[in-house]
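Coordinates in review
So you can see what is in the structure, the chains are spelled out below.
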Amino acid sequence: MRHIISILIENEAGALSRVAGLFSARGYNIESLTVAPTDDLTLSRMTLVTRGSDEVIEQITKQLNKLIDVVKLTDLADVVHVERELMLIKVQTEPSNRAEIKRMADIFRGKVIDVTSKSYMIEMTGSSEKLDAFVAAISEHNIMEIVRTGATGLPRGVGSLTL
Amino acid sequence: MELSGGQIVVQCLKDEGVELIFGYPGGAVLHLYDAIFQQDDVQHILVRHEQAATHAADAYARSTGKPGVVLVTSGPGATNAVTGIATAYMDSIPMVVISGQVPSAVIGSDAFQEVDMVGITRPCVKHNFLVSNVADIAETMKKAFYVATTGRPGPVVVDIPKDITDPNIKVPYAYPESVSMRSYNPPREGDQAQIQKAVDLLLSAKRPMIYSGGGVVLGEASDELRAFSRLLGYPVTSTLMGLGAFPATDSQFIGMLGMHGTYEANMGMHESDVIIAIGARFDDRVTGKLTEFCPYAKIIHIDVDPASIAKTVKVNVPIVGEVGIVLKQLIAEINLNPRRVGVEVLAAWWDQVKEWRSVNCLEFDRESTLIKPQYAVEQLYKVTAGNAFITSDVGQHQMYAAQFYHFDEPRRWINSGGLGTMGFGLPAAIGVKLAHPDADVACITGEASIQMCIQELSTAQQYQTPVKIINLNNRYMGMVRQWQEFSYQGRYSHSYLEALPDFVKLAESYGHVGIQIDKPEDVTPALEEAFAMKDRTVFLDIITDQTENVYPMIEAGKGHHDMRLRVAPGTPIDRELA
Ligand SMILES: Cc1ncc(C[n+]2csc(CCOP(=O)(O)OP(=O)(O)O)c2C)c(N)n1
Ligand SMILES: [Mg+2]
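About the cut-offs
Residues numbered from 1 in each chain as written. Chains lettered and ligands numbered in written order. Predicted model: local features only at pLDDT ≥ 70, side-chain atom pairs only at ≥ 80, totals over all residues. Heavy atoms only, no water. 1 Å grid on protein atoms, 1.4 Å probe; cavity = no way out; pocket = protein on both sides within 12 Å on 5 of 7 lines; lining within 4 Å. Points joined across faces, edges and corners; volume = space filled by probe spheres on them. Helix = DSSP H or I, 4+ residues; strand = E, 2+ residues; numbered from the N terminus. Nonpolar A, V, L, I, M, F, W, Y, C, P; charged D, E, K, R; others polar. Donors = N, O, S within 2.8 Å, 3.2 Å for Na, K, Ca; no water. Tetrahedral: all angles 85-135°; square planar, octahedral: opposite > 155°, others 65-115°. Buried < 20%, exposed > 50% of the residue type's maximum accessible area, 1.4 Å probe, protein only. Pairing = 2+ DSSP bridges. Axes fitted to C-alpha atoms, helices over the stretch in contact; angles between N-to-C directions. Disulfide = S-S within 2.5 Å.

A closer look at empty space enclosed by the protein
All names here are of chain B. A full pass over the atoms with the stated rule returns one cavity of 30 Å³ or more. As a volume, the largest cavity reaches approximately 30 Å³. Along its surface, the largest cavity is lined by Cys-361, Leu-362, Glu-363, Gln-374, Tyr-400, Gln-403, Phe-404, Tyr-551 and Arg-566. Here the element with the most residues in the lining of the largest cavity is helix H15 (residues 396-404); it accounts for three residues. Split by residue class, the lining of the largest cavity holds five nonpolar, two polar and two charged.

So, the coordination of the magnesium ion (ligand 2)
Residues and elements named next belong to chain B. Taken together, the protein donors to the magnesium ion (ligand 2) comprise Glu-447 (OE), Glu-447 (OE), Asn-474 (OD1) and Tyr-476 (O), at separations of 2.1 to 2.6 Å. If you look at the magnesium ion (ligand 2), its six donor atoms make angles of 51 to 176° with each other, and the shape they trace is irregular. Counting gaps between the donor residues of the magnesium ion (ligand 2) yields the pattern E-x26-N-x1-Y. Of this pair, Glu-447 sits in the loop between strand E17 (441-446) and helix H17 (456-462) while Tyr-476 is found in the loop between strand E18 (468-473) and helix H18 (478-487), placing the two residues 29 residues apart along the sequence. A residue is classified by how much of its surface remains accessible, and Tyr-476, at 16% relative accessible area, is buried.

A closer look at the sheet that holds strand E3 (residues 43-51) of chain A
In a beta sheet, neighbouring strands are held together by backbone hydrogen bonds and run either parallel or antiparallel to one another. Residues and elements named next belong to chain A. Judged by pairing direction, the sheet is antiparallel, and its four strands sit side by side in the order E2-E3-E1-E4 without closing on themselves. Only two strands of the sheet have a single neighbouring strand rather than two, namely strand E2 (32-37) and strand E4 (70-75). Along the sheet, successive strands turn relative to each other by an average axial angle of 15°, direction set aside. Inspection of the sheet shows strand E1 (residues 2-10) paired to E3 by nine bridges, in the antiparallel sense. Residue pairing in the sheet places Ile-7 in a bridge with Met-46 of E3.

Some points on the sheet that holds strand E3 (residues 43-46) of chain B
Residues and elements named next belong to chain B. One open sheet holds the six strands; their spatial order is E3-E2-E4-E5-E7-E6, and the pairing between them is parallel. What marks the edges here is a single partner per strand, and that holds for E3 and strand E6 (127-130). Ignoring strand direction, the axes of neighbouring strands in this sheet form an average angle of 20°.

Quick look at the state of the cysteines
All names here are of chain B. Taken as a whole and assessed by the stated rule, the structure comprises zero disulfides over all chains. Cys-453 supplies the cysteine sulfur nearest to Cys-443, a cysteine that is in no disulfide, at a spacing of 10 Å. Owing to a relative accessible area of 0%, Cys-443 belongs among the buried residues under this scheme.

Observations concerning the layout of surface pockets
Any empty space left between atoms is shown by rolling a water-sized probe over those atoms. In this structure, the second largest pocket occupies an estimated 1,100 Å³ of space. The wall of the second largest pocket is formed by 38 residues, among which Gln63(A), Lys66(A), Leu67(A), Tyr89(B) and Asp305(B) lie closest to the centre. Mapped onto the lining of the second largest pocket, the elements with two or more residues apiece are helix H1 (15-26) and helix H2 (54-66) of chain A together with helix H4 (76-90) of chain B. With six residues, the single largest contributor to the lining of the second largest pocket is H1(A). The residue inventory of the lining of the second largest pocket, partitioned by class, reads 17 nonpolar, ten polar and eleven charged.

Given below as structure tokens:
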């Protein structure tokens, strides 16, 4: 099953490699990993998407907790949560399909943010699933390049991962 | 007090109560070595190879419970230490390794003797630090010792760039009294509801087993284990790492379990209905084939490291906490509970265990005209009255040591269990002897292993550490040969040791005593002679039977009930007990 693990880790040099190294050393897979500082500059917040059986996920969370620098973590899959991912996608356009591509982007609430005579760049946020769906929907056109941030998320309501 | 970085490191060691460190100098740690030179509170032991520094410090820690401390230079000094760091990591040994690093300004430029020590050691340390400011040294050192020694212990590396120890840059020094880290809070007490569940299970068992591990030794919980086991009267087995926590000569002890464990311990585990694992981690050398592991048992597992629980084996009652504290909680709870396992039920289980025991699975050929390695260890046990500290290397000799030297006290059996590091034994013996100058210390080794850190005979001479090296010389990498005999139809690929040195002359060239024997009747007199020489390091080269194998053995992919014995047991096993 897919899990989104949200981690608060001391903002020290090497924090990212400790987490990434743990995953490669123990053979866990990482689907995506996003890291950035938040309002508390002493901490770094990572969001990690992984897949595994319940046993594997249990080990992953235990092993992550065992890292000395990890302050707290939560598996968003265990709680009601909101998940978002940002995608930029560049599509080759012909006079014949420009309107069609724009309409598709609109349907998915994407924005065209760069335009040339031969291309559109579309910005889109949503759940990873929605982004997948958009990519599938326009796959008949020529996709030049895609970049995605990987998922990030927060629990709904007042529950939160803070100190 | 204003001190330079180099002086601060040394002062931190003093303030931490460190008496001994093991190391080897080089460019990146010259400032540090200069600070060491100018004081006598912290004694530095100069080894002959950085790997040996880590093993000696590790064994110092294993035998005393205090953290071992290592000092090495950058680059090759640091990489040489990695094997020893990994060895300590696998066995959860508290150790602080200080490594020099190239000056901050050139880090990342492939400078002379630069390696990314923090990167290289990340997977084999409990934690590591790169110090980037003189003012941070004291707090970092305090954290290093705190992390290394608390919770599930382990090695911590502190990597210090050369400029940070510059004698010309002085800063105010104060060693922190205590340290608290919001991200690190090792557990202590076990959850009371879990304790209750465990006790209910323990008191309703029909075929209970106590499976104790290295965590009991590390957690100083030997007394609690003894009290707990005696209160219940259940059979006790131990992992390789846990030997000595429960007395081996106690009638409740049924021997080591696992790959080369006793028939009674492995059969007991296999047939058991309730197992309590205490500070043990269900290592693959213990469990054998996982799908056949303890098929009838409900399992209680106590460990200070939650990640050890349910890692490979599912458990019914996990208890996270310090073993000593949890055992006390269990004892208190049992004392409150009037229920006990029925006398007849327990007696029937013990009858079964005794029947397995009567197979006498460790018996060997006592009529042989060749020296049997088992006999040599048995005699060593007698000659030292079971009181010696025994270090070992890795191979058959290690298993004979574990099987035939009956440890009645914790911290006496010093071996590399998790990593299985050949070369561990001799530097370990030196580390133990330095910690316990008045005790008998013997290194049970093999002619292959001993050559991996043989240069430490020089250290033994310099510091007058009279250890006894018991070389069970079978001219083979015996353990490799045994696997090749069992699984590769006797194709002994590169396991025969040609061109062995004359160990007697080798020992003598380092100023030690060398003795070689090859007849069974000489074993006891030679051992007596060796141990009578209180102030000499003695290399006892014992030419043993080359064809001897370690039994019993659970071969790869087999379960506990499927052991290879020297003699097949005639006893049918009756599961329908009680
Ligand atoms: C550093 C290292 N290299 C290789 C091995 C694999 N290995 C395990 S036991 C063994 C043979 C050890 O031979 P010896 O020291 O003579 O002991 P014996 O088994 O003969 O008693 C080897 C090579 C190891 N454990 N450690
Ligand atoms: Mg050998």
